[in-house]
Amino acid sequence: MKFEYEEFSTVEEFFLYLVSVAPYMKQVLPASSYKGYVFSILPLTPVSGDVMMMIYAKGTMEPGLIEFDISTKKYKTVAAVERADKNYFIILKPKIATIADTAIREMESLGKN
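Quick caveat: nothing in here was measured; it's all calculated off a predicted structure.

Novice: Requested: an account of the pairing of strand β3 (residues 37-43), with residues and values cited.
Specialist: Relative to β3, strand β2 (residues 28-34) runs antiparallel, the two sharing 3 bridges. Each bridged residue has a counterpart across the sheet, and for Tyr34 the counterpart in β3 is Tyr37. Here β2 folds back onto β3, and the loop between the two strands holds 2 residues, one of which, Lys35, carries a positive phi near 50°. In this sheet, strand β4 (residues 51-58) lies alongside β3 in antiparallel orientation, the contact comprising 7 bridges. Paired with Tyr37 across the bridge in β4 is Lys58.

Set out below in structure tokens:
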């Protein structure tokens, strides 16, 4: 498996990117908080899954539902999906994530962090 990387300066920029590449009408997207990174790993080769893109920002977030407002570039924790004009992220905090471990180890060895 090969990894490509795209780093953002802030979690808000990371959210903007994910919203822009999400399938049309996809209102809730997953993101992970793991080992000092908030990230999502997306397949660049959907059929084989040989090349993965790790989109990330340095930081940590608590698990839960986040409401993100594109116009203000702000996010907040919410209890439920409430508004059609907002985007939502489910923040996951895995105990173990082997694909993420591999991507992080490779990225850090290449000095991309």
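Novice: Summarise the nonpolar core; cite the residues concerned and give the values.
Specialist: The biggest cluster of nonpolar side chains holds 18 residues, and the ones touching the most others in it are Val11, Phe14, Phe15, Met61, Ile66, Phe89 and Ile91. Of the residues forming this core, the biggest block, 5 residues, is contributed by helix α1 (residues 11-21). Excluding residues that lie within four positions of it along the chain, Phe14 makes contacts with Phe8, Ala31, Val38, Phe39, Ser40, Ile55, Tyr56 and Ala57. In this structure, Tyr34, Phe39, Met54 and Tyr56 belong to the second largest nonpolar core, which totals 13 residues.

Novice: For the sheet that holds β4, give the residues involved together with the corresponding values.
Specialist: Pairing is mixed in the open sheet, where 7 strands are placed in the order β1-β4-β3-β2-β7-β5-β6. Each having just a single partner strand, β1 (2-8) and β6 (74-78) make up the two edges of the open sheet. When strand polarity is set aside, the average angle formed by the axes of neighbouring strands in this sheet is 35°. Pairing analysis gives 5 bridges linking strand β5 (residues 64-69) to β6, with the strands arranged antiparallel. By the bridge assignment for β6, Leu65 is matched with Val78. Its contacts with the sheet place α1 against β1, β2, β3, β4, β5, β6 and β7 (87-92), and it is angled at close to 20° to β3.

Novice: Provide a residue-level description of the environment of Val38, including the pertinent values.
Specialist: Relative to the elements of secondary structure, Val38 occurs in strand β3. You can call Val38 buried: its relative accessible area is 0%. The spacing of Val38 and Phe8 is 30 residues in sequence and 10 Å in space, taken between C-alpha atoms. Those residues in contact with Val38, other than ones at most four positions away along the chain, are Val11, Phe14, Ser32, Ser33, Ile55, Tyr56, Ala57, Gly59, Thr60 and Met61.

Cut-offs used in this document
Residues numbered from 1 in each chain as written. Predicted model: local features only at pLDDT ≥ 70, side-chain atom pairs only at ≥ 80, totals over all residues. Heavy atoms only, no water. Pairing = 2+ DSSP bridges. Helix = DSSP H or I, 4+ residues; strand = E, 2+ residues; numbered from the N terminus. Core = buried A, V, L, I, M, F, W, Y, C linked by side-chain atoms within 4.5 Å. Buried < 20%, exposed > 50% of the residue type's maximum accessible area, 1.4 Å probe, protein only. Contact = heavy atoms within 4.5 Å. Axes fitted to C-alpha atoms, helices over the stretch in contact; angles between N-to-C directions.

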